[in-house]
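Observations on the model geometry
Listed below are the residues making up each chain.
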Amino acid sequence: MAGETCRNHPDRKSVAMCQKYSHGYCLDCLENDPHCSDPDIYCKFREQCLVHFHYKERKREAARAASA
Ligand SMILES: [Zn+2]
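Let us look at the structure shown here. These figures come from a predicted structure and were not determined experimentally. (Residues numbered from 1 in each chain as written. Predicted model: local features only at pLDDT ≥ 70, side-chain atom pairs only at ≥ 80, totals over all residues. Heavy atoms only, no water.)

Points about the coordination of the zinc ion
Angles between donor atoms at a metal ideally measure 109.5 degrees for a four-coordinate tetrahedral arrangement and either 90 or 180 degrees for a six-coordinate octahedral one. What counts here: Because no water is among the atoms considered, metal sites can look incomplete, with donors defined as N, O and S atoms within 2.8 Å of the metal, or 3.2 Å for Na, K and Ca. Any coordination sphere not matching a tetrahedral pattern (four donors, all angles between 85 and 135 degrees) or a square planar or octahedral pattern (four or six donors, opposite donors over 155 degrees apart, other angles between 65 and 115) is reported as irregular. A run of H or I in DSSP becomes a helix once it reaches four residues, and a run of E becomes a strand once it reaches two; helices and strands are each numbered from the N terminus.
At the metal site, the zinc ion is ligated by Cys6 (SG), His9 (ND1), Cys26 (SG) and Cys29 (SG), and these contacts range over 1.9 to 2.4 Å. Coordination at the zinc ion comes from four donor atoms whose angles at the metal span 105 to 114 degrees, giving a geometry best classed as tetrahedral. Read in sequence order, the donor residues for the zinc ion give the motif C-x2-H-x16-C-x2-C. Placement of Cys6 in the segment before β1 (16-18) and of Cys26 in the loop between β2 (23-25) and α1 (27-32) is noted, with a sequence separation of 20 residues between them.

Some words on the nonpolar core
Burial of nonpolar side chains together is a common tendency in soluble globular proteins. Put simply, the rule is: Residues enter a nonpolar core if they are buried and are Ala, Val, Leu, Ile, Met, Phe, Trp, Tyr or Cys, with the set joined through side-chain atoms within 4.5 Å. Exposed residues in this analysis have more than 50% of their type's maximum accessible area, buried residues have under 20%, and partly exposed residues fall in between, with area computed by a 1.4 Å probe over protein chains only. We call two residues in contact whenever any of their non-hydrogen atoms come within 4.5 Å of each other.
In this structure, Cys6, Ala16, Cys18, Tyr25, Cys26, Cys29, Leu30, Cys49 and Val51 together form the largest nonpolar core, which totals nine residues. Elements supplying a minimum of two residues to this core: β1 and α1. Residues in contact with Cys18, not counting those within four places in the same chain, are His23, Tyr25 and Val51.

Quick look at empty space enclosed by the protein
Vacant regions in the atomic arrangement are exposed by a probe of water-molecule size rolled over the atoms. Selection rule: A pocket here means an open set of points on a 1 Å grid, computed over the protein atoms alone, that has protein on both sides within 12 Å along at least five of seven lines. A cavity is instead a set of points where a 1.4 Å probe fits but cannot get out; residues with an atom within 4 Å of a point line either one. Grid points are joined across faces, edges and corners, and a volume is the space filled by probe spheres set on the points. Three classes are used, and their members are as follows: Ala, Val, Leu, Ile, Met, Phe, Trp, Tyr, Cys and Pro are nonpolar, Asp, Glu, Lys and Arg are charged, and the others, Gly among them, are polar.
Scanning all chains against the criterion turns up one cavity of 30 Å³ or more. Estimates place the volume of the largest cavity at around 90 Å³. Along the walls of the largest cavity sit 13 residues, with Cys18, Lys20, Cys36, Cys43 and Arg46 positioned nearest its centre. Here the residues of the lining of the largest cavity are counted per class, giving seven nonpolar, three polar and three charged.

Some thoughts on the side chain of Ser14
One can find Ser14 in the segment before β1. Taking the relative accessible area as the measure of exposure, Ser14 reaches 18% and is therefore buried.

A few points about the pattern of salt bridges
Basically, it comes down to this: The working definition used for a salt bridge is a side-chain nitrogen of Lys or Arg within 4 Å of a carboxyl oxygen of Asp or Glu.
Taken as a whole and assessed by the stated rule, the structure comprises two salt bridges. Note that Arg12 is salt-bridged to Asp28, the shortest N-O span being 3.2 Å. Note that Arg12 is positioned in the segment before β1 and Asp28 in helix α1, a separation of 16 residues in sequence. Taking the shortest distance from any N to any O, the salt bridge between Glu57 and Arg60 comes out at 2.5 Å. Taken together, the positions of Glu57 and Arg60, both in helix α2 (residues 50-67) and three residues apart, correspond to about one turn of that helix. Given the relative accessible area of 26%, Glu57 is considered partly exposed. Of the residues examined, Arg60 reaches a relative accessible area of 53% and is grouped as exposed.

What follows is the structure, encoded as structure tokens:
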């Protein structure tokens, strides 16, 4: 079923899923390269989206690192 395995690693089980596109992400992808497919357009799932949450966290960390 869509979303049960990682979008980038079909052999891995997903730990988070984009509910809009049914893309699954494994822990590696979530921690190292979380990626919302459409970060700039409205998504009704965003508030509860784990992928976007990690994506935002990464962006904030990168901004902090750049200004340090
Ligand atoms: Zn993965």
